[in-house]
Amino acid sequence: MRRKIVAGNWKMNMNLQDGVALAKELNETLKVEKLRCGVVICTPFIHLASIASFLDQEIIELGAENCADKESGAYTGEVSAEMVRSTGAHYVIIGHSERREYYHETPEILKEKVRLALKQDLKVIFCIGESLAEREAGRQNEVVKAELEGSVFDLTAEDFAKIIIAYEPIWAIGTGKTATADQAQEIHAYIRSTIADRYGKKVAEETTILYGGSCKAGNAPELFGKPDIDGGLIGGASLKVADFKGIIDAWK
């Protein structure tokens, strides 16, 4: 049975004090719950070590939103996968559409980030997804397949097993638009079939695939009810405990 996960992506929000307060509130809220899914919070780099010092990672696991494509050296302002791991984090988001678009991260850069993250025993949440223009042109399958082939399909089956895929329709991030549950299921099923073509059915069936496009408490039950949707990568709704918990509760 593949793992169900709700992961929060805080993005560039909250100063250190507010981030620590949010993580503490979430920790206190969820530790009295019987959770039916894994929970991960991916925070800005400056939050990681402070939050790791008190977070009960049996309940909520900790991740970073990015890491460098270099191991170490004279790269001012960069944060390596080793640095991320040394804070106590266990996950890292790689390939988010905002990183691809605003910071021009290419498949080759992302491939190197994935390699370095896995070398540090980090679990990778690897993001793929199409733009509105690509969706309207009916190219969504072509786009997600190319993104997989460009950055993660060179991995061994053993290493690929450490990858969580997050499908994020770029046209539904922060826009209030959401793919219908049927649209999301259709492309999740395609992604799983593409993984099966590369690694075999067993690996595909064990790969967790998250939905990452404006998922909230109201639509999470329908989305999570689909057979190939294994949870969500949550943006804005992860910044308030009640909103985030509402999505986690969809697994009940």
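Cut-off values and rules
- Residues numbered from 1 in each chain as written.
- Predicted model: local features only at pLDDT ≥ 70, side-chain atom pairs only at ≥ 80, totals over all residues.
- Heavy atoms only, no water.
- Salt bridge = Lys/Arg side-chain N within 4 Å of Asp/Glu carboxyl O.
- Helix = DSSP H or I, 4+ residues; strand = E, 2+ residues; numbered from the N terminus.
- Buried < 20%, exposed > 50% of the residue type's maximum accessible area, 1.4 Å probe, protein only.
- Core = buried A, V, L, I, M, F, W, Y, C linked by side-chain atoms within 4.5 Å.
- Phe/Tyr/Trp six-rings, centres within 6.5 Å; stacked < 30°, edge-to-face > 60°.

Moving on, we get to the pattern of salt bridges. Summed over all chains, the structure comprises 24 salt bridges. The residue R2 makes a salt bridge to D230 at a minimum N-O spacing of 2.7 Å. Linking R2 in the segment before β1 (5-9) with D230 in the loop between α11 (220-224) and β8 (231-234), this pair joins segments that are 228 residues apart in sequence. R2 sits in the buried class, given a relative accessible area of 13%. The class of D230 is buried, set by a relative accessible area of 0%. Among the ionic pairs, E71 bridges to K119, the shortest N-O distance being 2.6 Å. Of this pair, E71 sits in the loop between β3 (60-64) and α3 (81-86) while K119 sits in helix α5 (residues 107-119), and the two are 48 residues apart along the sequence. The network of salt bridges with common partners includes R2, K4, R192, E205, D228 and D230.

Okay, the nonpolar core next. Of all hydrophobic cores here, the largest spans 68 residues; its most connected members are I41, F126, I191, I195 and F224. Residue contributions to this core peak at 6 residues, all from helix α9 (residues 181-199). With 12 residues, the next largest nonpolar core counts I5, C42, I93 and C127 among its residues.

A few words now on the packing of aromatic side chains. All told, the structure shown has 6 aromatic pairs when counted by the stated rule. With a centroid separation of 6.0 Å and an interplanar angle of 65 degrees, the aromatic rings of F153 and F160 are classed as edge-to-face. Comparing F153 with F160 shows no difference in burial state: the two are buried. Relative to Y199, the ring of F160 lies with its centre 4.6 Å away and its plane at 20 degrees, an arrangement referred to as stacked.

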